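# Understanding the architecture of this molecule
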Amino acid sequence: MTDPRDRLSGERGGGLGRDQAGGAGHDERGALERLIDGVARAQPPRRAPASLETRVFAQIAARPWWSKGFAHWPVLARAAFLVASFGFIKLTLVGVMWVIDFVRTSDVAGVDALHRTSNAVSATVSLGSLVLNAIPPVWLYIGAAVGFTLYAVLFGLGTFAYRTLYVQR
Amino acid sequence: MDNQAEFATFMYSYQDMVFSTAVRLTGNDTQAEDIAQEVFIKAYENFPTLRTSPTAGGWLKTVTTRLTLNHLSRYRRRWRFFSEMRTEDDLEVEFPVPDTLLTDLDASRRHEIVERTLRELPERYRVPLVLYHFEELSYEQIAEQLRISLPKVKTDIQRGRAAMAKLLQRAGGV
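Residues numbered from 1 in each chain as written. Chains lettered and ligands numbered in written order. Predicted model: local features only at pLDDT ≥ 70, side-chain atom pairs only at ≥ 80, totals over all residues.

### Some points on the overall build of chain B
Regarding its fold elements, chain B presents eight helices and zero strands. Reading chain B from its N terminus to its C terminus gives the helix and strand order α-α-α-α-α-α-α-α. Counting across all 174 residues of chain B, residues that qualify as buried make up 39%. Counted over contacts in chain B with a minimum sequence separation of 6, partners at least 24 positions apart contribute 71%. (Helix = DSSP H or I, 4+ residues; strand = E, 2+ residues; numbered from the N terminus. Buried ≥ 20, exposed ≤ 12 C-beta atoms within 10 Å, placed from the backbone. Contact = placed C-beta atoms within 7 Å.)

### Regarding the packing of helix 6 (residues 123-134) of chain B against helix 7 (residues 139-146) of chain B
Residue and element names in this part refer to chain B. For the pair helix 6 and helix 7, interaxial distance at closest approach is 10 Å and the crossing angle is 140°. The pairing of helix 6 with helix 7 is recorded here as oblique in orientation. Every pair of crossing elements has a handedness; the one defined by helix 6 and helix 7 is right-handed. Mapping the contact onto sequence places V127, P128, L131 and Y132 in helix 6 and I142, Q145 and L146 in helix 7. Of the residues in the contact of helix 6 with helix 7, the class split is six nonpolar, one polar and no charged. (Axes fitted to C-alpha atoms, helices over the stretch in contact; angles between N-to-C directions. Parallel < 35°, antiparallel > 145°, perpendicular 65-115°, else oblique. Left-handed = near helix turned anticlockwise from the far one by under 90°. Nonpolar A, V, L, I, M, F, W, Y, C, P; charged D, E, K, R; others polar.)

### Considering the environment of Q31 of chain B
All names here are of chain B. Note that Q31 resides in helix 2 (residues 29-45). Since 16 C-beta atoms lie within 10 Å of it, Q31 is described here as partly exposed. Separated by 40 residues in sequence, Q31 and H71 have C-alpha atoms that sit 8.9 Å apart. In this structure, Q31 is in contact with T26 and H71, ignoring residues within four places of it in sequence.

### As for the interface of chain A and chain B
Facing 28 residues of chain A, the contacting portion of chain B comprises 30 residues. The biggest single contributor to the side of chain A that touches chain B is helix 2 (residues 24-42) of chain A, with 11 residues. Residues that form the side of chain A that touches chain B fall into these classes: 15 nonpolar, four polar and nine charged.

### Things to note about helix 1 (residues 3-26) of chain B
In helix 1 of chain B, a bend of some 50° at Y14 of chain B exceeds every other bend along the element. Positive backbone phi, approximately 75°, marks G27 of chain B, located one or two places after helix 1 of chain B. (Bend = angle between axes of the 7 residues up to and from the residue.)

### Some points on the nonpolar core
Proteins that are soluble and globular tend to have nonpolar side chains buried together. Residue and element names in this part refer to chain B. Counting residues in hydrophobic clusters, the biggest one holds 47 residues, and the most contacted among them are F19, A22, A36 and V39. By residue number, the principal contributor to this core is helix 1, which donates eight residues. Discounting chain neighbours no more than four positions away, the residues touching A22 are A32, I35, A36, T64 and T68. (Core = buried A, V, L, I, M, F, W, Y, C linked by C-beta atoms within 7 Å.)

### Description of the confidence of the model for chain A
Residue and element names in this part refer to chain A. Here chain A shows a mean pLDDT of 80. Residues at 70 or above account for 79%. Per-element averaging of pLDDT across chain A places helix 1 (residues 4-11) at the bottom with 46 and helix 3 (residues 51-62) at the top with 93. Low pLDDT (under 50) marks residues 1-6, which in the prediction has eight contacts with non-local residues, meaning those over four places away or in another chain. Scored below 50 in pLDDT, residues 8-22 shows 14 contacts in the model against residues more than four places distant or in partner chains. (pLDDT = per-residue confidence, 0-100.)

In structure tokens, the structure reads:
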């Protein structure tokens, strides 16, 4: 946290006096800042009312048991909470196992569609791989070269057209 | 020492600081006591960590400031609106700034006048002024906390200083 005295000296160019700094408006503002800062620094904290402590402890005492820490809960509530927690964990595990078994054993529409899609993708990839292997490598190189040449020609034509038809207009 | 007694000692150490922050920001003793109560309930909930923490004071200050600003938030919108309606021209200090204030009064009287003056300041000036000069937040932190622009924070603090100096001068009979 910044010390106001540091802030003042920093902003006021090393804490020049009112008569030394240039600019009357700025000088007056700096003097005012130092003045109020001096007043604030000399001010002791206000004394808290005597009733504050009583009020705080009364509110602490009035809090319901469940809003306090687990250690402060009644024994019965703690036992019930533990039983409920273990029950919840067991129920969750049973539920997860049941869902897994259900998916494995039954022909669910979604799962079936997923299997079919997966098979179709796999068959397409196999077909592509087969075709690629059947083509002689020289043809592939020639195809790549033709593709690159066409791309370069198209790029050149596009540039030429842009410069002649658009920029010079 | 049991937990309650330990917390009572903890509270005794910090209650003036918490109350001061809240009362200077709100300008109202009753609201400040309500906020301080809420702060110490939160402190009690976090006491297992706070009891040994060297930054417990900072934690309390942060929580107090946050709760107080939340409390004031509905007024803050209105203050922001009016604050932005004004021009920047009245930023200039239009009176000779004295070198000292209230020096001819005894300390307790001076402290009382300063607290009363803070209460009398309009909220739009008091809140940023207290955050800067009493809570030692930077302009950037204040802008972030109040969700207003940095130039606006500086303007409001400057106006707050001028207003406070005028009130103090009047109260001190200068």
